[in-house]
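Tertiary structure, described
Here is what each chain is made of, one letter per residue.
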Amino acid sequence: MSLSKVLLTILILVAAVVVAALCRSSLINLMLPSDSRPAAVRFDVQAVTAEEFLRISDELKAEFNRSFAHVSRFSDSGITSYEGPKTCLRCHETLEVRDAVSGHFKQVNLMDNLTGSAHYRFFTTVHPNVYGFNGELADDFPMGKINRPCPKPGSFAMTAWAEIVVLESGDTLSEGCGQCHIGGQYQAPLGEMLPYYRTTGDEKAAIDCLICHATAYDMGLKQVVVDENGRKRWGQDRSMRAALSATTPTAQACLRCHQHNFGGDIYIDAVDSSYMESLINTGRQRPRVKHPGSKRGTPYSPSWDVHAAAGVSCLGCHMTEGHYIARGTRTTTLMANDLPEVEVACEKCHTDAPHKDDPERADYLNEHTALVACQTCHIPFLHDDNVTMRDFGKTVFEDHPGIYVYDDTVKQAEPGSGIVYRWWNGDATFLGNPIGDNPNGADLYRFYTANHVWPEYDSYDYEGWYERVMRPIAKSGRPSKLYAMKKFNGRQHIDLANMGPFGGMFVPYNLPTYYTTGDPDRAASVEMDKSMMEMMYGLMFKYYMLDRFMSFMDIDGWNKDSFEDVKRMKNVEPRWIPNDAALEISHAIRRDGALTCGDCHSLAGVLDWAELGYTAEEVAVLTVNPLE
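For the structure given in this document, a descriptive report is provided here. What you see is a predicted model, and the numbers here were worked out from it, not measured in a lab.

Observations regarding helix α16 (residues 462-476)
With 15 residues, α16 should reach 21 Å at 1.5 Å per residue; the first-to-last C-alpha distance of 20 Å fits that figure. The sharpest bend along α16 measures roughly 45 degrees and falls at Met470, with the proline Pro472 sitting one to four residues further on. Three or more residues of α16 are buried, namely Tyr462, Trp465, Tyr466, Val469, Met470, Arg471, Ile473 and Ala474.

And the structure:
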């Protein structure tokens, strides 16, 4: 065969594969309910004159006291308007990245790199440190924010994406999971969860590049808008001002979404409020709902964290491979991880012998690093708004802005209450329990105690299950260290036809109904009318995803036949998670005010030595302050 025929054959085969992939994506989207399919989104495009261009660039330089490289790049290229990713790809079609494992540089397609990331897909499939209650590794399975409930609004991303809450006053609020996503579609990227899906052109064109890359992004535009087709989505700042300020993401840019969970929606740092942009600029016409109660109680801002005070950016610790961002190899709750083999740890900068300034105590303190994590001493307390017990089944009315919200029944910030201490090897259960074992080898320590046992399982042998299933996993993992963690539990409506001894399937709430009526039963029932909830209880979801999802809860399969009962709130009721979760905390690091020897080595200290697996004889020795 001639070379030309060989090349022609190859081109035909490549074209066939591409067409098949595109057709597959179209078929997958057709399987979704019509209100959950991606579509072409029309964004307003701002074109500027030469005079306006110069004025904007001068204003940016004066406001931020720096020059922005994209000013000259846009000027040289004659770019006078920003049209989203289309404009970015004129120069950035490919990207040179350093391989996070080998360290070698390589060229990647920028859009493929971006749409394959957790920040776009809202999930990853590799989870080498997450175990189901059945003892199986929850790996090779799509999991992340896209299919796990959010403990702030109490909803699923696949249903509560972009909602408008209309108040009695006539004012409107914006709410939904889409506010923390870089896409700009009418729904979460649901197709990505299915095999061989290729992100469509409409989905790529709607991506919000600037919410991460623009120094001057206007969070007042990040609110729910209604398009001409009647569908709701989240607005974006696609102004030339934002585009000209594009740069490597700063800490302030990351915190437009992530401060939401670190420090909550209420606290504003008086020293530098730039770390709380999204909490100050909540939206012009339809402000975003500000949720009371901080999920982790660890703000990343100069008043709270020594690294923020020193100007350390998020990417200074969280290594990147293009748009893949390392989260570290240890987590109890953030299941999505772009780079699961890449560590994020204090020791990478501070070594395992960080104490040098105090000659009298340095050696003694450095001996602790083999068994005690840095965070354990250097996160001495949490923000006052930290929530430890959140009850979605009970609402309270907030005069401002005039909505009902969940009842945060317990808020604790102190060590020993809001902060708990656990042996942890970096692995976790399916519901946020840190897996670990006492390094002394004793079998007195158990990280799962089921202190909110459901009545259906009051005779379940949790201790026997632990010894049979979890003890071997804890012992076979990495060496455990003592970690400070944030205690959390939530009470939410549960489908009791899909439950087991460790919990069950959450029933999400319709947010407008919840906020305006304060009736959780009604809000849960209304949300079941969403088309994606009916699909979730359908045959495809059962066999593709939910049978396996439930197996990690140690439940034998997904009961799809309870759909109508749940709609009528039959066999549904709010329940606390059987065991309190312990969320990893690694921000709000303090040097001044860190715990001292006496805070731990004392009978009145912050540690429950018996709970950590020590005998009475060992406790007697450990509770003597060695430096007194």
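Considerations on empty space enclosed by the protein
Summed over all chains, the structure comprises 5 cavities of 30 Å³ or more. Size it by volume and the largest cavity reaches roughly 120 Å³. As for the largest cavity, its lining consists of 14 residues, and the residues nearest its centre are Gln179, His260, Ser278, Leu279 and Arg288. For the lining of the largest cavity, the secondary structure elements donating two or more residues are α10 (251-262) and α11 (277-280). With 3 residues, α10 is the largest single contributor of residues to the lining of the largest cavity. Across the lining of the largest cavity, the residue classes tally to 5 nonpolar, 5 polar and 4 charged. Taken as a whole, the second largest cavity holds about 110 Å³ of empty space. What lines the second largest cavity is a set of 15 residues, among which Gln185, Gln187, Ala188, Pro189 and Glu203 lie closest to the centre. Of the residues that constitute the lining of the second largest cavity, the class distribution is 6 nonpolar, 8 polar and 1 charged.

Brief notes about the pairing of strand β15 (residues 481-500)
Within β15, 17 of the 20 residues are buried, leaving the element largely enclosed by the surrounding structure. Both strand β10 (residues 389-398) and β15 contribute to a ladder of 3 bridges, which runs parallel. Considered in β15, the bridge of Arg390 is made with Gly490. Sheet analysis places strand β12 (residues 419-424) next to β15, joined by 6 bridges and oriented antiparallel. Its bridge partner lying in β15, Val420 is registered against Met485. Direction of pairing for β15 relative to strand β18 (residues 581-584): antiparallel, over a ladder of 4 bridges. Across the sheet, residue Met485 finds its bridge partner in β18, namely Glu584. Both β15 and strand β17 (residues 572-576) contribute to a ladder of 5 bridges, which runs antiparallel.

Observations concerning the nonpolar core
Among the nonpolar cores identified, the biggest contains 99 residues, and Phe430, Tyr448 and Met536 are the most heavily contacted of them. At 7 residues, the largest contribution of residues to this core is made by α16. In contact with Met536, other than residues within four places in its own chain, are Phe156, Met158, Met505, Phe541, Leu546 and Trp558. Residues Phe68, Leu114, Met240 and Ala242 belong to the second largest nonpolar core, which totals 25 residues.

Examining the side chain of Asp580
Along the chain, Asp580 falls in the loop between β17 and β18. With relative accessibility at 13%, the residue Asp580 sits in the buried group. Side chain to side chain, Asp580 and Asn451 meet in a polar contact 3.1 Å long. With near-sequence residues (within four places) excluded, Asp580 lies in contact with Met389, Asn433, Asn451, His452, Lys487, Phe488 and Asn489.

Description of the layout of surface pockets
By volume, the second largest pocket amounts to about 1300 Å³. Lining the second largest pocket we find 44 residues, and of these Pro354, His355, Leu365, Cys377 and His378 sit closest to its centre. Of all the elements in the fold, those that place two or more residues in the lining of the second largest pocket are α12 (306-309), α14 (362-368), α15 (374-378) and α22 (597-600). For the lining of the second largest pocket, the residue count by class is 23 nonpolar, 13 polar and 8 charged.

Some details on the sheet that holds strand β14 (residues 434-435)
Read across the open sheet, the 3 strands follow the order β3-β13-β14; overall the sheet is mixed. The open sheet has two free edges, formed respectively by β3 (130-131) and β14, since each of these has just one partner strand. The sheet contact formed by β3 and strand β13 (residues 427-429) spans 2 bridges and is parallel. When the sheet's bridge partners are listed, Val130 is paired in β13 with Ala428.

Focus: the pairing of β12
With respect to burial, β12 is a largely interior element, 6 of its 6 residues being buried. Side chains Ile419, Tyr421 and Trp423 project from β12 onto one buried face, and the interleaved Val420, Arg422 and Trp424 project onto a second face that is buried too.

Quick notes on the side chain of Ser81
By secondary structure assignment, the location of Ser81 is in the loop between α3 (69-77) and α4 (85-88). In this structure, Ser81 is in contact with Val45, Gln46, Ala47, Thr87 and Met240, ignoring residues within four places of it in sequence.

Remarks on the environment of Met470
Here Met470 lies in helix α16. For Met470, a relative accessible area of 0% puts it in the buried group. Taking the C-alpha atoms as reference, Met470 lies 47 Å from Glu93; in sequence the two are 377 residues apart. Once residues within four sequence positions are removed from consideration, Met470 is found in contact with Gly132, Phe133, Thr429, Ile435, Phe447 and Trp465.

Focus: the pattern of salt bridges
Evaluation of the coordinates by the stated rule reveals 36 salt bridges. Notably, a salt bridge pairs Glu163 with Lys530, separated by 2.8 Å at the nearest N-O pair. One end of the pair, Glu163, is in strand β4 (residues 163-166); the other, Lys530, is in the loop between α18 (520-527) and α19 (531-536), with 367 residues separating them in the sequence. By relative accessible area, which is 6% here, Glu163 ends up buried.

Considerations on the environment of Pro354
Within the secondary structure layout, Pro354 lies in the loop between α13 (347-350) and α14. Looking at Pro354, the relative accessible area reads 27%, which means it is partly exposed. Ignoring sequence-local partners within four residues, the contact set of Pro354 consists of Asn366 and Thr369.

About the criteria used
- Residues numbered from 1 in each chain as written.
- Predicted model: local features only at pLDDT ≥ 70, side-chain atom pairs only at ≥ 80, totals over all residues.
- Heavy atoms only, no water.
- Helix = DSSP H or I, 4+ residues; strand = E, 2+ residues; numbered from the N terminus.
- Expected span 1.5 Å × (residues − 1).
- Bend = angle between axes of the 7 residues up to and from the residue.
- Buried < 20%, exposed > 50% of the residue type's maximum accessible area, 1.4 Å probe, protein only.
- 1 Å grid on protein atoms, 1.4 Å probe; cavity = no way out; pocket = protein on both sides within 12 Å on 5 of 7 lines; lining within 4 Å.
- Points joined across faces, edges and corners; volume = space filled by probe spheres on them.
- Nonpolar A, V, L, I, M, F, W, Y, C, P; charged D, E, K, R; others polar.
- Pairing = 2+ DSSP bridges.
- Core = buried A, V, L, I, M, F, W, Y, C linked by side-chain atoms within 4.5 Å.
- Contact = heavy atoms within 4.5 Å.
- Polar contact = N/O pair within 3.5 Å; in protein donor to acceptor, adjacent residues only side chain to side chain.
- Salt bridge = Lys/Arg side-chain N within 4 Å of Asp/Glu carboxyl O.

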